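Below are the chains, spelled out letter by letter.
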Amino acid sequence: MYYYRYDSAEVSCCYKYLMFSYNIIFWLAGAAFIAAGFWAWSEKGVLLDLTQVTRLHGFDPVWLVLVVGGVTFILGFAGCVGALRENICLLKFFSGVIGFIFVLELTVAVLAVVFQSQVREWINDFFLANVKAYRDDIDLQNLIDSLQRMNHCCGAQEPDDWDLNVYFSCNGTHRSREKCGVPFSCCNADPSDSVVNTQCGYDVRNILNKIEWSEHIYTKGCISALEDWLPGNLYTVAIVFIVISLLQMVGIYLARTLISDIEKVKFSY
């Protein structure tokens, strides 16, 4: 009587520990992201009063950090434990979720190209909503300030977009010192200044004509600045997308190879 026998009825240690090493990095990175997110919330007092999460009208960057950290942590855990314990369910979960994320990325990229005008309108509305909530959250405030300073822009389309914010609005009877002004991140940066002048945008839209604004503040909207930035950095964006895609493909390949080895070992007995 003859029996069929596999040449190597064992799980490849090479693929097993490559899979573990690949995922331990993401597992630790996910844990770091989650820790940073909760630290940011503790600094803002959110952990002591969770109702603050529902009261914020704009985008809280901490949510993005926590979501990315949570997904990365779960995937890293599934990959590490699945590899060490040779658990087919965890490995299939890992490869399935990575594959889904990859398809989702491709779908979003294609839709962004096909529906450019709608995407532009959505980004514009999103930016304006966060302009309105600028003073509601310190992380959101820092994010908008960084965006405006790095891209030399102000508002979504123009500096007058800051009329949507109750503190900077020229309308109404409020007594805000920032009335009819713009945030300091809209001001033309002077390289010789060693200290940031946070009051440089006060009254700028009230005492100056629009023609004179460009001498003191950025007049280009951030949506236009983004549109100008993208063509010049298309190769950089493409390289980042390709690197992320390759990392995902490597993870799927390692997981599927391990699953195949594990199944061969099981069927050989």
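Residues numbered from 1 in each chain as written. Predicted model: local features only at pLDDT ≥ 70, side-chain atom pairs only at ≥ 80, totals over all residues. Heavy atoms only, no water.

Q: What is the right way to look at the nonpolar core in this model?
A: Proteins that are soluble and globular tend to have nonpolar side chains buried together. With 23 residues, the main nonpolar core has Phe127, Ile144, Cys154, Trp162, Val182 and Ile217 as its most contacted residues. Sequence-distant contacts of valine 182, defined by excluding residues within four places in its chain, comprise Cys154, Pro159, Trp162, Phe168, Gly201, Val204, Arg205 and Ile217. Membership of the second largest hydrophobic core comes to 17 residues, among which are Tyr22, Ile88, Ile98 and Ile252. (Core = buried A, V, L, I, M, F, W, Y, C linked by side-chain atoms within 4.5 Å. Buried < 20%, exposed > 50% of the residue type's maximum accessible area, 1.4 Å probe, protein only. Contact = heavy atoms within 4.5 Å.)

Q: Can you help me understand the side chain of asparagine 165 in this one?
A: With respect to the element layout, asparagine 165 can be found in the loop between α6 (138-151) and α7 (204-207). The buried category is assigned to asparagine 165, whose relative accessible area is 1%. Among the polar contacts made by the side chain of asparagine 165, one reaches the main-chain carbonyl oxygen of valine 131 at a distance of 2.9 Å. In contact with asparagine 165, other than residues within four places in its own chain, are Val131, Lys132, Ala133, Tyr134 and Arg135. (Helix = DSSP H or I, 4+ residues; strand = E, 2+ residues; numbered from the N terminus. Polar contact = N/O pair within 3.5 Å; in protein donor to acceptor, adjacent residues only side chain to side chain.)

Q: Looking at this structure, how should I read helix α9 (residues 222-232)?
A: One turn of an α-helix holds 3.6 residues; hence residues three or four places apart share an orientation. When we look at burial in α9, the residues that qualify are Cys222, Ile223 and Ala225. Viewed along the axis of α9, the buried residues span an arc of 155°, placing them on a single side of the element. The elements touched by buried residues of α9 are α5 (116-132) and α6. (Arc of directions from axis to C-beta.)

Q: Hey, could you run me through the environment of valine 196 in this one?
A: Along the chain, valine 196 falls in the loop between α6 and α7. Overall, valine 196 belongs to the partly exposed group, its relative accessible area being 45%. For the pair valine 196 and serine 185, spaced 11 residues apart in sequence, the C-alpha to C-alpha distance is 9.4 Å.

Q: Explain a nonpolar patch on the surface to me, please; I cannot follow it from the model alone.
A: A cluster of nonpolar side chains, Ile25, Phe26, Tyr235, Ile239, Val243 and Leu247, forms an exposed patch at the surface whose accessible area comes to about 630 Å². For the nonpolar patch, the secondary-structure elements that each account for two or more residues are α1 (13-44) and α10 (234-268). When residues of the nonpolar patch are assigned to their parent elements, the largest contribution, four residues, is made by α10. Topologically, valine 243 is positioned in helix α10. (Patch = residues over 30% accessible without salt bridge, like charges linked within 9 Å, V, L, I, M, F, W, Y side chains within 5 Å. Areas by Shrake-Rupley, 256 points an atom, 1.4 Å probe, with all protein chains shown as cover. Salt bridge = Lys/Arg side-chain N within 4 Å of Asp/Glu carboxyl O.)

Q: For this particular structure, what's the right way to read the confidence of the model for the chain?
A: Detailed reading of the predicted coordinates is not advisable wherever pLDDT falls low. Looking at the chain, pLDDT values average 85 and 90% of them are 70 or higher. The weakest mean pLDDT in the chain belongs to helix α2 (residues 52-55) at 57; the strongest belongs to helix α4 (residues 88-114) at 93. pLDDT under 50 marks residues 1-6. Its contacts with residues more than four places away, or in other chains, come to two contacts. (pLDDT = per-residue confidence, 0-100.)

Q: Can you help me understand the pattern of salt bridges in this one?
A: Two side chains bearing opposite charge may form a pair once their charged atoms approach each other closely. By the definition in use, this model includes seven salt bridges. Across the salt bridge formed by glutamate 227 and arginine 120, the nearest N and O atoms sit 2.3 Å from each other. Residue glutamate 227 is found in helix α9, and its partner arginine 120 is found in helix α5; the two are separated by 107 residues along the sequence. Residue glutamate 227 is classed as partly exposed on the basis of its relative accessible area of 37%. Residue class for arginine 120 comes out partly exposed when judged on its relative accessible area of 32%. For arginine 205, the salt bridge is made with aspartate 163, and the minimal N-O distance between the two is 3.1 Å. Taken as a pair, arginine 205 in helix α7 and aspartate 163 in the loop between α6 and α7 lie far apart in primary sequence, 42 residues in all.

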